[in-house]
There are 2 protein chains.
Amino acid sequence: MNIVLLDERQTQSDVWKISSKRQLEHLHTHVDVKIGDTLKVGILQGKRYLTKIVDITETAIHVQPLHEEAVPEKLAVTLIVALPRPKVLRRLIMDSVTLGVEKIILLHSYRVDKSYWQTPFLQQLDHYVTLGLEQAGDTISPKIELYKRFKPFVEDVLPTLISEECPAYVAHPYVDHKMPFAIEQGCTIVIGPEGGFIPYEIDLLIKNGCQAVSLGNRIIRTETVIPYVLGRLFSAS
Amino acid sequence: MNIVLLDERQTQSDVWKISSKRQLEHLHTHVDVKIGDTLKVGILQGKRYLTKIVDITETAIHVQPLHEEAVPEKLAVTLIVALPRPKVLRRLIMDSVTLGVEKIILLHSYRVDKSYWQTPFLQQLDHYVTLGLEQAGDTISPKIELYKRFKPFVEDVLPTLISEECPAYVAHPYVDHKMPFAIEQGCTIVIGPEGGFIPYEIDLLIKNGCQAVSLGNRIIRTETVIPYVLGRLFSAS
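All of these numbers come straight from a predicted model, not from anything done at the bench.

A. Layout of unusual backbone geometry. With a phi close to 65°, Gln45 of chain A is a non-glycine residue in the positive phi region. Its location among the elements puts Gln45 of chain A in the loop between strand 3 (38–43) and strand 4 (48–56). Judged by its relative accessible area of 47%, Gln45 of chain A falls in the partly exposed class. In this structure, Asp32 of chain B takes a positive phi of about 55° despite not being glycine. Here Asp32 of chain B shows up in the loop between helix 1 (21–31) and strand 3 (38–43).

What follows is the structure, encoded as structure tokens:
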């Protein structure tokens, strides 16, 4: 946690109150906060401030904003991922948010186990978004959308996410064309499930505007490939 | 598991026997193997083959090598990491191995909790290396070294890992110089602990040949920063 995120309604007076159990526990255990210390505090979907701790009680830490700080910029990327196992989903959301992905789309695909759509984690995405933002020092949540039907999404929604200024890449092991790097524009990235997209899905993605690109001959897990691909694509920014 | 790894002594006859409980379970549960199917099999520290399944019993799967396949190339990189929490360590080893890191060094540093050196995971690194190799389809383990004293390592060992053809980068948030990308040579990467290196450590690293470079103003966790940095540095290869 490199920033404490508060709701806008917690920041209406001159002194702001941090009272979430999770945040207090972190601040007391890992940061060892004292009155007079400075603390980075962000307003969810708003600005970010350097604050000063003015009071500490058993149930709250009170801070006063000193001055505004820059919120890190987002990456102009839409990340489309075949819904992974719940444990992987959690990491994927946190990492994507930490790295600044602007929009995340979770998609069904042939090799996605249908039970994954029942996981309680899908009801708790906001929580993992907050953890990702607090890690990065960011305040702005990405958009997250869920599509439980592959074909209608790829035929009707995906084309609206692709343009000359915003190409779409699907990572696929069996093609010659390498994934680009250090691009200077936004893009859409499509990542398949464990075991990969089936040929019908790859064909439909390509038919609807995706470029199939390879990441070399190592097979990389979903949760690892996301930071790997973002590091590669956005190295110039 | 995208390849089954066997020890050399399991591959002395014409027919090879896969009998590890973990590997059998994976093959029966996730791959649904049948006699006549092909299977990718690697010899640890050796070659990699496409094989044919010739017999399946309750306790073993027997395969016959058909032809040799290329083992993925390694990245010419030495990754030096402040020893993280055990759970993070596991992921870090698996991911680094999957991505092809040639050498991993685990290092003590001021903000590394001393108890981390007692974790049983440190006795099981080989297991996580195998999982990483099996994910990638690789057969060659990276070298792994442990250094429990920061200063002697940085002063005596680190300089031997740095040259004009192999620069060393330490990720550090408070410098102007950005981490390079798409480099066409090998390098050494130094990643600090949660909370970062202390100023004394950063100074000592720089004094001994490291370049302090920034990854932008988002703070990224150790396990996420490793694929992110490798994707960035080695995008041209």
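There is more to say, and it comes next.
B. Layout of the packing of helix 2 (residues 86–99) of chain B against helix 6 (residues 222–233) of chain B. Residue and element names in this part refer to chain B. Orientation of helix 2 relative to helix 6, taken along the N-to-C sense of each, is 15°, at an axis distance of 9 Å. It follows that helix 2 is roughly parallel to helix 6 by the angle criterion. Helix-helix and strand crossings are classified by hand; for helix 2 and helix 6 the assignment is right-handed. Residue-level contacts link Val88, Arg91, Leu92, Asp95, Ser96 and Leu99 of helix 2 to Thr222, Glu223, Ile226, Pro227 and Leu230 of helix 6. Grouping the amino acids of the contact of helix 2 with helix 6 by side-chain chemistry returns six nonpolar, two polar and three charged.

C. Structural detail: the packing of aromatic side chains. Residues and elements named next belong to chain B. Per the counting criterion, the structure on display carries eight aromatic pairs over all chains. Ring centres of Phe121 and Tyr128 lie 5.8 Å apart, and the angle between their planes is 85°; on these two criteria the pair is classed as edge-to-face. Each member of the pair, Phe121 as well as Tyr128, is classed as buried.

D. View of the nonpolar core. Grouped together as the largest cluster of nonpolar side chains are 84 residues, with contacts concentrated most on Leu230 of chain A together with Leu230 of chain B. The contact partners of Leu230 of chain A, leaving out residues within four places of it in the chain, are Leu75, Val77, Leu99, Val101 and Ile189 of chain A together with Tyr228 of chain B.

E. Expanded view of the relation of the copies chain A and chain B. The two copies are related by a screw operation: chain A maps onto chain B through 180° of rotation and 0.0 Å of translation along the axis, at an RMSD of 0.0 Å. The transformation just described matches what one would write down for a two-fold rotation axis.

F. Fine view of the domain arrangement of chain A. Residues and elements named next belong to chain A. Considered domain by domain, chain A is made up of domain 1 (4–69) and domain 2 (75–233). One C-alpha centre belongs to domain 1, the other to domain 2, and the line joining them spans 33 Å. With both chains or domains summed, domain 1 and domain 2 bury close to 760 Å², and 51% of this area falls on carbon and sulfur atoms. Here Arg22 makes a salt bridge to Glu134, at a shortest N to O gap of 2.8 Å. For the side of domain 1 that touches domain 2, the secondary structure elements donating two or more residues are strand 1 (4–6), helix 1 (21–31) and strand 3. Looking at the side of domain 1 that touches domain 2, its residues break down into four nonpolar, four polar and three charged.

G. Representation of the sheet that holds strand 4 (residues 48–56) of chain B. Residues and elements named next belong to chain B. Read across the open sheet, the five strands follow the order 1-3-4-5-2; overall the sheet is mixed. Each edge of the open sheet is held by one strand with a lone partner, namely strand 1 (4–6) and strand 2 (16–18). With strand direction ignored, the average angle separating the axes of adjacent strands in the sheet is 45°. Note: strand 4 against strand 5 (residues 61–69), eight bridges, orientation antiparallel. When the sheet's bridge partners are listed, Arg48 is paired in strand 5 with Glu69. Contacts from helix 1 reach strand 1, strand 2, strand 3, strand 4 and strand 5, with the element oriented near 155° to strand 1.

H. Seen up close, the sheet that holds strand 8 (residues 143–147) of chain A. Residues and elements named next belong to chain A. If you trace the six strands from one edge of the open sheet to the other, you get 8-7-6-10-9-11, paired in parallel fashion. Single-partner strands in this sheet number two, and they are strand 8 and strand 11 (210–213). In this sheet, adjacent strand axes meet at a mean angle of 20° when their direction is disregarded. Here five bridges tie strand 7 (residues 101–107) to strand 8, and the two strands are oriented parallel to one another. Across the sheet, the residue bridging to Leu107 is Tyr147, located in strand 8.

I. Structural view of the interface of chain A and chain B. Across the contact, 33 residues belong to chain A and 33 residues belong to chain B. Interface area, chain A with chain B, both sides summed: about 2900 Å², of which 51% is carbon and sulfur. Inspection of the chain A/chain B interface yields six salt bridges. Across the pair Asp95 of chain B and Arg221 of chain A runs a salt bridge, and its minimum N-O distance is 3.3 Å. Linking chain A with chain B are 16 residue pairs in polar contact (both at pLDDT 80 or more).

J. Main features of the pairing of strand 4 of chain B. Bridge count between strand 3 of chain B and strand 4 of chain B: five bridges; the pairing is antiparallel. Within strand 4 of chain B, the residue paired with Gly42 of chain B across the bridge is Arg48 of chain B.

K. Region of the structure containing the side chain of Lys103 of chain A. Residues and elements named next belong to chain A. Structurally, the position occupied by Lys103 is in strand 7. Lys103 sits in the buried class, given a relative accessible area of 16%. Within the structure, Lys103 has its side chain in polar contact with the side chain of Glu145 (distance 3.4 Å). Not counting residues within four places of it along the chain, the set of residues in contact with Lys103 comprises Val77, Thr78, Leu79, Pro142, Lys143, Glu145 and Leu161.

L. A look at the pairing of strand 5 of chain B. Residue and element names in this part refer to chain B. As judged from the three bridges shared by strand 2 and strand 5, these two strands associate in the antiparallel manner. In the strand pairing of strand 5, Trp16 is matched with Val63. The loop that links strand 4 with its antiparallel partner strand 5 comprises four residues.

M. The environment of Ile104 of chain B, seen in detail. All names here are of chain B. Position of Ile104 relative to the elements: it lies in strand 7 (residues 101–107). Separated by 12 residues in the primary sequence, Ile104 and Leu92 place their C-alpha atoms 9.9 Å from one another. When sequence neighbours within four positions are dropped, the list of residues in contact with Ile104 reads Leu79, Ile93, Ser96, Val97, Pro142, Lys143, Ile144 and Glu145.

Each value, and the rule that gives it
Residues numbered from 1 in each chain as written. Chains lettered and ligands numbered in written order. Predicted model: local features only at pLDDT ≥ 70, side-chain atom pairs only at ≥ 80, totals over all residues. Heavy atoms only, no water. Helix = DSSP H or I, 4+ residues; strand = E, 2+ residues; numbered from the N terminus. Buried < 20%, exposed > 50% of the residue type's maximum accessible area, 1.4 Å probe, protein only. Axes fitted to C-alpha atoms, helices over the stretch in contact; angles between N-to-C directions. Parallel < 35°, antiparallel > 145°, perpendicular 65-115°, else oblique. Left-handed = near helix turned anticlockwise from the far one by under 90°. Contact = heavy atoms within 4.5 Å. Nonpolar A, V, L, I, M, F, W, Y, C, P; charged D, E, K, R; others polar. Phe/Tyr/Trp six-rings, centres within 6.5 Å; stacked < 30°, edge-to-face > 60°. Core = buried A, V, L, I, M, F, W, Y, C linked by side-chain atoms within 4.5 Å. Least-squares fit on C-alpha atoms with pLDDT ≥ 70 in both. Domains from an automatic or database assignment. Buried area = accessible area lost by both parts, 1.4 Å probe. Salt bridge = Lys/Arg side-chain N within 4 Å of Asp/Glu carboxyl O. Pairing = 2+ DSSP bridges. Polar contact = N/O pair within 3.5 Å; in protein donor to acceptor, adjacent residues only side chain to side chain.

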